[in-house]
Amino acid sequence: KPVRLVIPSLNVDLQIADGIYNAKDQTWTLSKDKAHYALMTPEANNQEGNTFIYGHNRREVFASLSKLNVGETVTVHTENGHQFTYAFRSAHETSPTDDSLFSYQGAPILTLQTCSGLWYQNRYLMTFDLVEVV
């Protein structure tokens, strides 16, 4: 399970906590200083699936994500000591009701998400391709 996220080019080094969606009140687990791994998505692996990590658009979390350039890397550290390095491929804005990332099937990728828009009404999704596992 992911426990730490490092983005060297942005000087980001975050602890990752468990993230759960509460269907009753339609909210996600969030904190002011950590990223969250959506437990219903695949753990970081070198086989398949979309590992989904999200966080607040705050200086302490993901406010600088939009400054990332295509090709720059992020590293996800797992609780069993592996390090998964991913390269930034693309980003797009979408609505909070867009749940298409949960139906992804294919090569292993990482999706990072934060809020965007004037009133933080949208979601900013960044897609990363797996480069290396150590």
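All values derive from a computational prediction rather than experimental measurement.

Parameters and conventions
Residues numbered from 1 in each chain as written. Predicted model: local features only at pLDDT ≥ 70, side-chain atom pairs only at ≥ 80, totals over all residues. Heavy atoms only, no water. Buried < 20%, exposed > 50% of the residue type's maximum accessible area, 1.4 Å probe, protein only. Helix = DSSP H or I, 4+ residues; strand = E, 2+ residues; numbered from the N terminus. Pairing = 2+ DSSP bridges. Core = buried A, V, L, I, M, F, W, Y, C linked by side-chain atoms within 4.5 Å. Contact = heavy atoms within 4.5 Å. Patch = residues over 30% accessible without salt bridge, like charges linked within 9 Å, V, L, I, M, F, W, Y side chains within 5 Å. Areas by Shrake-Rupley, 256 points an atom, 1.4 Å probe, with all protein chains shown as cover. Salt bridge = Lys/Arg side-chain N within 4 Å of Asp/Glu carboxyl O. Polar contact = N/O pair within 3.5 Å; in protein donor to acceptor, adjacent residues only side chain to side chain. Axes fitted to C-alpha atoms, helices over the stretch in contact; angles between N-to-C directions.

Enquirer: How do you make sense of the pairing of strand β7 (residues 73–78) when you look at a structure like this?
Expert: Side chains on a regular strand alternate between the two faces of the sheet. Here β7 lies mainly inside the structure; five of its six residues are buried. In the sheet, strand β1 (residues 2–7) pairs with β7 via four bridges, with the strands oriented antiparallel. Bridged to Arg4 within β7 is His77. Judged from the five bridges that link them, β7 and strand β8 (residues 83–94) form a sheet pairing that is antiparallel. The partner of Thr73 across the bridge, within β8, is Ala87. Once β7 ends, the chain turns through four residues before running back antiparallel as β8, passing Gly81 with a positive phi of about 90 degrees.

Enquirer: Explain the nonpolar core to me, please; I cannot follow it from the model alone.
Expert: In globular proteins that are soluble, nonpolar side chains generally tend to be buried together. The biggest cluster of nonpolar side chains holds 24 residues, and the ones touching the most others in it are Ile7, Ile53, Phe62, Leu112 and Phe128. Those elements that provide at least two residues to this core are β1, β2 (12–19), β5 (35–38), β7, β8, β9 (109–116) and β10 (122–133). Leaving out residues up to four positions away in the same chain, Leu112 has contacts with Leu5, Ile7, Ile53, Phe62, Leu65, Tyr124, Leu125, Met126 and Phe128. Residues Ala38, Phe52, Tyr54 and Leu101 belong to the second largest nonpolar core, which totals five residues.

Enquirer: Explanation requested: a nonpolar patch on the surface in the structure shown.
Expert: Together, Tyr21, Met40 and Phe102 make up an exposed nonpolar region whose accessible area comes to about 280 Å². Structurally, the position occupied by Phe102 is in the loop between β8 and β9. Note on Phe102: relative accessible area 37%, which makes it partly exposed.

Enquirer: How should I be thinking about the environment of Asp25 in this particular structure?
Expert: Inspection of the secondary structure puts Asp25 in the loop between β3 (21–22) and β4 (27–28). Looking at Asp25, its side chain comes within polar contact range of the side chain of Thr27, at 2.7 Å.

Enquirer: What's the story with the sheet that holds β7 in this structure? I'm lost.
Expert: Sheet strands associate in pairs through backbone hydrogen bonding, adopting either a parallel or an antiparallel arrangement. Reading around the circumference, β1-β2-β5-β6-β9-β10-β8-β7 is the order of the eight strands in this closed barrel, with mixed pairing throughout. Strand-to-strand, the axes of this sheet are offset by a mean angle of 35 degrees, without reference to chain direction.

Geometric descriptors of this kind do not, in isolation, establish any biological role.
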